[in-house]
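# Architecture at a glance
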Amino acid sequence: MTQLKELESQVRELVMLLEASKQLNSNLEMGEVLESILLQMVQVVGAEAGTLWVLDGERQTIKADAAYGPSSADILNIELKRDEGIVGKVIETGKAELIENVAWHPNWANRVDDSSGFITKSMITVPLAVKGKVLGALQLLNKKDIAFFSEQDIRLAVALANQSALALHNSQMYDELQRMLLSMIRTLAKVLDARDPYTAGHSERVAKYSLWIAEKLGMDAQSCEELYKAALLHDIGKIGIPDNILRKSERLTTDEYTTIKQHTVIGADILSNIEPKEAMVHAIETALSHHERLDGTGYPHGLAGENIPLFARIVGVADAFDAMTTARSYSAGASFESGVEELQRCKGSLFDSRVVDAFAAILQGCNYQIEQYEAQQERGYRL
Ligand SMILES: [Fe+2]
C-alpha cells in the first residue's frame, strides 16, 4: 500500500514536471507561465498560498512576480530589501529552507504578513537558480490538512524551481538584449542628428510621432516596437551624405538634390548588413521608402499606393510633419496647426489618408499640446 502511494505520488510529480516544462517552452507571456507554475505547485504540494519572488539586482530589492492565495493582490505590491526575511536568506545562500513554524525562525520578517493580513505557519522556500546564480525564490505557505511540509514536497518544489529559473533567466536575457539594442539604435540616431544643428532631435521626434500613429491605428505592441525602431533609423543613410550638401543653407542644385535622395538607398544598404536579417526587414523598408509618395511622385523608386510599405507611409507622414514644424536655416518652422492642415491638404495624393487622419485626431484631440499628450502616453508605454 505504501509502495503504491509512493509510486502514485512519483507519477503525479513527473506529470506535473512535464506539464510545467511544456508550458515553459510555449510562447505564453512570462508572467502567465510563472503564475500557472505557481498555481500547479500550490495545488500538488497542497499549500494554502504561494509566492514567486524575483530579485532585482540593480535596485537590490526582491519583488513578488506572481502570488497565489487569499492575500495575493496585497503581496504583489510588496517589495523586500535584498537581505530581508527568509526569502532574502534563501536568495543569499542559494539553499532551500523547510520551516515547520516560521514564528520560531530567526530570519522570519513579519512585514509581509502584516501588510497582507495572511498568517503564515509552515513554509517551504526554494531558490530559483541558473548556473549558480540566484534569480529569486519560490515560496509555498501553510501545508493544507496536515501540519508540516514533507521532504518530498521540498524535492518537488526544487525540481519545479529549477525549470522556472531557466525560463525566467531566458526571459530576463531577452529583455536585456532588447534594451541594449534599443539604446544602441537611439545612440545611432543621436549621432546622426548631431551632425546638423537644424535636425537635432529629428529622429526621436519622428519615432515618437510614428509610434503614436501606430497606436491610434490599433497596431499590436510588437509592431509598435518594430515601427519605433525603424523610425529612429529612417534617415541613417544621411551618414553617407557629405556635410557640405547635408548642411547647405542655400537652395540645392539638381545634382546635390540627387545626392541627398541617395540617403534612402544608402540607409537600406547599411541596415541590410545587420544580423539577424529578419529583425531588420521593416527598418530596411522604412529607410528605403519613407520618401515615396502615394501618387508615385516620391523617391527612390516612385512606388505608389499600397506598394509603399505601411511603416514607410507612417514614417513619411511623421517625417514631413516634423520637417514642416521645425525651424530650419531657410524657414522659421510652421505651427502644429498649419502642419496638420498641410498634411490634410495632401492626404490621398501624397500621404495615406488613414495615417493622416489618425495623426490629425491625436493632435486635435490634445489641442496641439504635444507635451501633455506625450506625458500621458509615457505613463502607459515602456519604450
Ligand atoms: Fe529622409
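Structure shown above.
We now turn to the structure provided with this report. (Residues numbered from 1 in each chain as written. Predicted model: local features only at pLDDT ≥ 70, side-chain atom pairs only at ≥ 80, totals over all residues. Heavy atoms only, no water.)

## Let's talk about helix α13 (residues 310-325)
With 16 residues, α13 should cover 22 Å at 1.5 Å per step; its first-to-last C-alpha distance of 23 Å lies within 8% of that length. Counting buried positions along α13 yields 13 of 16 residues, so the element is predominantly enclosed. (Helix = DSSP H or I, 4+ residues; strand = E, 2+ residues; numbered from the N terminus. Expected span 1.5 Å × (residues − 1). Buried < 20%, exposed > 50% of the residue type's maximum accessible area, 1.4 Å probe, protein only.)

## Some remarks on the pairing of strand β1 (residues 47-56)
Most of β1 sits out of view: eight of its ten residues are buried. The sheet contact formed by β1 and strand β6 (residues 133-143) spans seven bridges and is antiparallel. By the bridge assignment for β6, Thr 51 is matched with Gln 139. Where β1 meets strand β2 (residues 61-68), seven bridges bridge the pair, whose relative direction is antiparallel. (Pairing = 2+ DSSP bridges.)

## Description of empty space enclosed by the protein
Summed over the entire model, instances satisfying the criterion amount to two cavities of 30 Å³ or more. The volume enclosed by the largest cavity comes to roughly 140 Å³. Lining the largest cavity are 16 residues; nearest its centre among them are Val 87, Trp 108, Val 112, Met 123 and Gln 139. Listing elements by their share of the lining of the largest cavity, those giving two or more residues are β1, α4 (85-93), α5 (111-116) and β6. No other element matches the three residues that α4 contributes to the lining of the largest cavity. Of the residues belonging to the lining of the largest cavity, the class tally is ten nonpolar, four polar and two charged. Counted as a void, the second largest cavity has a volume near 60 Å³. Together, His 290, Glu 292, Arg 293, Leu 294, Ile 308, Ala 312, Arg 313, Gly 316, Leu 350, Phe 351 and Asp 352 line the second largest cavity. Taken together, the residues of the lining of the second largest cavity break down into five nonpolar, two polar and four charged. (1 Å grid on protein atoms, 1.4 Å probe; cavity = no way out; pocket = protein on both sides within 12 Å on 5 of 7 lines; lining within 4 Å. Points joined across faces, edges and corners; volume = space filled by probe spheres on them. Nonpolar A, V, L, I, M, F, W, Y, C, P; charged D, E, K, R; others polar.)

## What about the coordination of the iron ion?
For the iron ion, the full set of protein donor atoms is Asp 235 (OD), His 263 (NE2), His 290 (NE2) and His 291 (NE2), and the range of their distances to it is 2.1 to 2.4 Å. For the iron ion, the four donor atoms are set out with angles of 83 to 172 degrees between them, so the coordination reads as irregular. (Donors = N, O, S within 2.8 Å, 3.2 Å for Na, K, Ca; no water. Tetrahedral: all angles 85-135°; square planar, octahedral: opposite > 155°, others 65-115°.)

## A short note on unusual backbone geometry
In this structure, the amide linkage connecting Tyr 299 to the following residue, Pro 300, adopts the cis form with an omega of 10 degrees. Here Pro 300 is to be found in the loop between α12 (277-289) and α13. Even without a glycine there, the phi angle at Gln 60 is positive, about 55 degrees. Within the element layout of this structure, Gln 60 appears in the loop between β1 and β2. Unusually for a residue other than glycine, Asn 367 sits at a positive phi of about 55 degrees. You can see Asn 367 is positioned in the loop between α15 (353-365) and α16 (370-380).

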